[in-house]
Amino acid sequence: MFHLMFSTPCLYVIARFIYPLPWPLAARLAAALLLLLASQYHLYAKFSSGSVFSPEFPRAWVLFFNWAFGAIVLLAVLQLVVDLGTVLTMLVRRQWLTIPPLVRYGIGTVAVLLAALGVHQAARVPPLKDITVAIRDLPPAFEGYTLLQLTDMHISRLFDAPWTREVVRRSNALGVDVVLITGDLIDGPIDARRNDIEPLRDLRAPDGVYVIPGNHEYFFDNEGWMRYFVSLGMKRLSNSHAVIARGDAQLVVAGVTDLSAPRAGLPGPDLAQALAGVPAKAPIILLDHQPRNARQAARQGVALQLSGHTHGGMIRILDRIIAGANEGFVSGFYQVGDMQLYVNNGTALWPGFALRLGVPSELTRITLRRANPVAPTDT
């Protein structure tokens, strides 16, 4: 079913873009065959590693297949727009119309170029995004306290050791007080990812590096990976919390497991357990990979929830669809009751569909300010 779903855009392109072209039959058949081969990227990934979520190819191949598959998807969308426009025009004019070959060549060129741009935007080391969050009753000792949120790194053959090393270098250079990683660090088993994830051992912050699992950790032995993250110097938060102190002032960082955990036979997110015994009046920052439970967190007195998972929607317009699958949350800030929710676009994204158009990745530095409830601002 998974592969059939990802083959659908290709079949539409063959039927509505390739077949009507004024080319010899042999050329159209060859083009159709090439598109079919390119559309099966996820099947090749399964053959290479046993999982569609971990394509074990050279990085150049992963980039190529993402470009080719992305071009097919974008071309299918553009062809559908042209087809609908043509049908509406025929209905208005009450005459039969055909789509000129030049229009097809034009949308084909646009799709190819947009796919190349999208892959470039997805695969780069993310730029810095600075955010200020005003938290009511924040202790004065935490005024100006800085957090770095990393999420959806998807360390893999695409986001490999050199990419990870550069992310760590830029992160350390920011000099934040604490690093918070909100899941989906990896794609692949430990033996396949040791070299690629090793640079995270050098990630540093005075108050530590905290990590929670995302849904992808559960595809590849979550417990093994979480122990491995701890061996790299991270502090695991799985339905638990930590207290950061500045003299008598306290700030709570809590974390929950992912919604997909029960399917792996492991405990699902338990916010009550995570918050059990938190100091009274200490502001709570919650790490939850998926944003869907934000309203529950708001009712439990959380001041700020940090999430990822959606990759910001990756492509404008597509983000509206992804928002619908995540209780309306997809990218940026949301006011949920008295709680602020920040849904991060992601440090990277799944290498199975590595395209970004209008939704940039981000290295997210968050500065806390003491204030009455006000709308958060991007700076």
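Residues numbered from 1 in each chain as written. Predicted model: local features only at pLDDT ≥ 70, side-chain atom pairs only at ≥ 80, totals over all residues. Heavy atoms only, no water.

J.: Sorry if this is basic, but what is going on with unusual backbone geometry here?
T.: For residues besides glycine, phi is generally negative; the peptide bonds are generally trans as well. Residue His309 is not a glycine yet carries a positive backbone phi of 75°. In this fold, His309 is placed in the loop between strand E9 (304-307) and helix H11 (318-324). On the basis of relative accessible area, His309 is assigned to the partly exposed category, the value being 22%. Positioned with a positive phi, Ile317 is a non-glycine residue whose angle comes to about 85°. Secondary-structure assignment places Ile317 in the loop between E9 and H11. (Helix = DSSP H or I, 4+ residues; strand = E, 2+ residues; numbered from the N terminus. Buried < 20%, exposed > 50% of the residue type's maximum accessible area, 1.4 Å probe, protein only.)

J.: How do you make sense of the packing of helix H4 (residues 59-93) against helix H5 (residues 101-123) when you look at a structure like this?
T.: Packed helices, taken two at a time, are described by the angle between their axes plus the distance between the axes. Where H4 contacts H5, the axes come no closer than 8 Å and their chain directions differ by 140°. The orientation of H4 relative to H5 falls into the category oblique. As for how H4 packs across H5, the hand of that crossing is right-handed. Along the contact surface, H4 presents Arg59, Leu63, Asn66, Trp67, Gly70, Ala71, Leu74, Leu75, Leu78, Gln79 and Val82, while H5 presents Val103, Arg104, Ile107, Gly108, Val110, Ala111, Val112, Leu114, Ala115, Ala116, Val119 and Ala123. Here the contact of H4 with H5 is built from residues that sort into 17 nonpolar, four polar and two charged. (Axes fitted to C-alpha atoms, helices over the stretch in contact; angles between N-to-C directions. Parallel < 35°, antiparallel > 145°, perpendicular 65-115°, else oblique. Left-handed = near helix turned anticlockwise from the far one by under 90°. Contact = heavy atoms within 4.5 Å. Nonpolar A, V, L, I, M, F, W, Y, C, P; charged D, E, K, R; others polar.)

J.: Which parts of the structure should I look at to understand the side chain of Asp83?
T.: Relative to the assigned elements, Asp83 resides in helix H4. For Asp83, a relative accessible area of 9% gives the class buried. When residues no more than four places from it in sequence are discounted, the contact partners of Asp83 are Tyr12, Arg16 and Ile99.

J.: Help me understand the UniProt feature "transmembrane region" (unreviewed entry) in the protein in this model?
T.: Feature annotation in UniProt places "transmembrane region" (unreviewed entry) on residues 20-39, 60-82 and 102-119, given in this structure's numbering. Along residues 20-39, the helical share is 75% and the strand share 0%, with 20 Å between the first and last C-alpha atoms. Along residues 102-119 the backbone is 100% helical and 0% strand, and the end-to-end C-alpha distance reaches 26 Å. (UniProt positions renumbered as here; feature names shortened; annotations may be inferred.)

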